[in-house]
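Inside the fold
Residue-level listing of the chains:
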Amino acid sequence: MTLHSVTPAAPQSQQLAAQYDALHAARARTPLVARLYAEAMGEDYPLEVNASSSCDWPLLGLMTARLRMRPGQLLVDAGCGSGGIGLWLARALATRLVGFDVSPVAVAQATARRPGFVSAERAAFRVARLEASGLPDGCAHGAVCVDALSGAADRTAALRELGRLLAPGGRLLATRGLRPGVTPTWEKQARAAGLILESVDERPAEPVMWERLYRLWIAHAEELRCELGDLPAQNMLIEAHRMLPVLPGRRAVLLTLRRASTSPSVPDAAGTMTQPSRPQGGGSVSTERTPQ
Ligand SMILES: C[S@@+](CC[C@H](N)C(=O)[O-])C[C@H]1O[C@@H](n2cnc3c(N)ncnc32)[C@H](O)[C@@H]1O
């Protein structure tokens, strides 16, 4: 879900944290939002993950394959929300996990969910911003950022920060969306973050899912108001009305960005490069907004 402010201005990241806190707290009070996601995704809904995003089974499958991580390596989940995606991946890939999010409520929820997936030594969650995670250089062999980059005040700085966390050969996976007629500049953005654009996987079901979900939110507006409270429900409805008209022709992808290996002769954590699944172009920076 993407937040659109209906509250008075405050320092930007505090305001963002407060809004996401309210949203995550409201979601935890009722199964309604998860039920609507499940209805919108149908069989593609990964119940256990319970994400606040477009995360479906095809995306979990893609991320599992693209990360190419080894057991015991460190995975970072940036903008982790209530933690389901990182926890699911860490369990599937036998990795360690650090998740971070600007919302303290989300971080507390993720920590509380940890025992359902991995032992306490394997996963930790912290409050931090995409632009300043506070994690050490090169600490991770993989990172995921699902439907969270649009929350960064400076997306280039956020990508640079996430790139900084990667060990040589490590990969960052990020979901992105593009409006029709906009030429992607992902390759250029990757280079600016010190990364190589390794692959672009199309997610054709993503815009259709958002359309179904937004229509469900609108159809259940009164229920959402009753169960979530006015402000969180209002934010969701604003998002639905704002995004529905711009969904036709939308392109959604999973980008795999890789930090170069320092020593090509030594096999690194990341394995070999694959071809992008669609040719990349240059051009102007997109106004992408991944609905969340
Ligand atoms: C749409 S939710 C997705 C959460 C999770 N990735 C998932 O797929 O379930 C976006 C998350 O990103 C977090 N977020 C947004 N902007 C952020 C920022 N600048 N720094 C850290 N977290 C941020 C929000 O608090 C929220 O939990």
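For the structure, see preceding data.
As the structure is a prediction and not an experimental result, all values here were calculated from the model.

1. Overview of the overall build of the protein chain
Counting its secondary structure elements, the protein chain contains ten helices and seven strands. Expressed as a percentage of its 292 residues, the buried residues of the protein chain come to 48%. Taking the contacts inside the protein chain whose residues are at least 6 apart along the sequence as the reference set, 78% of them involve residues at least 24 apart.

2. Some words on unusual backbone geometry
Although it is not a glycine, N50 adopts a positive phi angle of roughly 50°. Note on placement: N50 falls in the loop between α2 (32-41) and α3 (57-67). The phi angle at D147 is positive, at roughly 55°, despite the residue not being glycine. With respect to the helices, strands and loops of the structure, D147 is situated in the loop between β4 (140-145) and α6 (155-164).

3. Things to note about the pairing of strand β3 (residues 123-127)
Two elements, strand β2 (residues 96-101) and β3, share five bridges in a ladder whose sense is parallel. By the bridge assignment for β3, F100 is matched with R126. A crossover connection joins β2 to the parallel β3 through helix α5 (residues 104-113); in handedness this β-α-β unit is right-handed.

4. Side note on the sheet that holds strand β5 (residues 166-178)
Either a parallel or an antiparallel arrangement is found when strands of a sheet pair, and the pairing is made through backbone hydrogen bonds. If you trace the seven strands from one edge of the open sheet to the other, you get β3-β2-β1-β4-β5-β7-β6, paired in mixed fashion. The sheet terminates laterally at β3 and β6 (196-202), the two strands that pair on one side only. Ignoring which end each strand starts from, the neighbouring axes of this sheet average 15° apart. The pairing of β5 with strand β7 (residues 251-258) spans eight bridges and is antiparallel. Pairing of R176 across the sheet is with V253, part of β7. Those strands touched by α3 are β4, β5, β6 and β7, and its axis lies near 155° from that of β5.

So, how was this worked out
- Residues numbered from 1 in each chain as written.
- Predicted model: local features only at pLDDT ≥ 70, side-chain atom pairs only at ≥ 80, totals over all residues.
- Helix = DSSP H or I, 4+ residues; strand = E, 2+ residues; numbered from the N terminus.
- Buried ≥ 20, exposed ≤ 12 C-beta atoms within 10 Å, placed from the backbone.
- Contact = placed C-beta atoms within 7 Å.
- Pairing = 2+ DSSP bridges.
- Right-handed = clockwise from strand over helix to strand, strands pointing away.
- Axes fitted to C-alpha atoms, helices over the stretch in contact; angles between N-to-C directions.

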